[in-house]
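# Notes for the structure review
Residues per chain are reported as follows:
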Amino acid sequence: MLKKIGLVPRLLLGIISGILIGMFLPETVSRLLYTFTHIFGEFLNYIVPFVILAFIIPGIAELGNKASYPHHFTTFYHAASLNEIKLCKQSFKG
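As the structure is a computational prediction, the values presented were derived from the model and not from experiment.

Let us look at a nonpolar patch on the surface. Taken together, Phe 36, Phe 40, Phe 43, Leu 44, Val 48, Val 51, Ile 52, Phe 55 and Ile 56 make up a surface patch of nonpolar side chains, about 850 Å² in accessible area. Relative to the helices and strands, Phe 43 resides in helix H2 (residues 27-63). Looking at Phe 43, the relative accessible area reads 45%, which means it is partly exposed.

On to the packing of aromatic side chains, then. Under the criterion given, the structure shown has two aromatic pairs. A ring pair is formed by Tyr 46 and Phe 50, whose centres lie 5.3 Å apart and whose planes are at 65 degrees; its orientation type is edge-to-face. Of this pair, Tyr 46 and Phe 50 both sit in helix H2, four residues apart, roughly one helical turn. Among the residues examined, Phe 50 registers a relative accessible area of 43% and is labelled partly exposed.

Next up on the list: the pattern of salt bridges. The final tally for this structure, using the stated rule, is one salt bridge. A salt bridge links Arg 31 to Glu 27, with the nearest nitrogen and oxygen atoms 2.7 Å apart. Highlighted residues: Arg 31 and Glu 27, both in helix H2, separated by four residues, approximately one helical turn. The same class applies to Arg 31 as to Glu 27, namely exposed.

Reading the values: rules and limits
- Counting restarts for each chain, with residues numbered from 1 along the sequence as it is written.
- For this predicted model, a pLDDT threshold of at least 70 governs which residues receive local features, and a threshold of 80 or more governs which side-chain atom pairs are given and counted, while totals over whole chains, interfaces and linings are taken from all residues.
- Here the side-chain values reflect all heavy atoms present in the structure, with hydrogen atoms and water set aside.
- Think of a patch as exposed residues, more than 30% relative accessible area, with no salt bridge, where like charges cluster within 9 Å and nonpolar side chains (Val, Leu, Ile, Met, Phe, Trp, Tyr) cluster within 5 Å.
- In these tables, accessible area is a Shrake-Rupley quantity obtained with a 1.4 Å probe, and a residue counts as shielded only by the protein chains included in the view.
- Here, a salt bridge means any side-chain nitrogen of Lys or Arg that lies within 4 Å of a carboxyl oxygen of Asp or Glu.
- Numbered from the N terminus, helices here are DSSP runs of H or I no shorter than four residues, and strands are runs of E no shorter than two.
- Whether a residue is buried, partly exposed or exposed follows from its accessible area with a 1.4 Å probe, protein chains only, as a fraction of its type maximum: under 20%, in between, or over 50%, in that order.
- Planes of paired rings set the category: under 30 degrees apart is stacked, over 60 is edge-to-face and the rest tilted, where pairs are Phe, Tyr or Trp rings (Trp by its six-membered ring) whose centres lie within 6.5 Å.

Following this line, the structure appears as structure tokens:
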């Protein structure tokens, strides 16, 4: 049945049901769900850069000697800026 419903209606249905369930759930269950959400979010923040690198590195290796110096410079500059963004996010979390 859910496959017949589009993505946006599913999202709206999930948001509305979450609000309604949250209104009647005890606070301890809400805190437990928040803890799980927080841990899962931190896991995603940790794993996403590795997933991105897992897709980018084989493409760079496939280029081999066909890549010019500017391409290498751009790639390493992009990787360094990703690392800086991650470090900035961590420093602002406090």
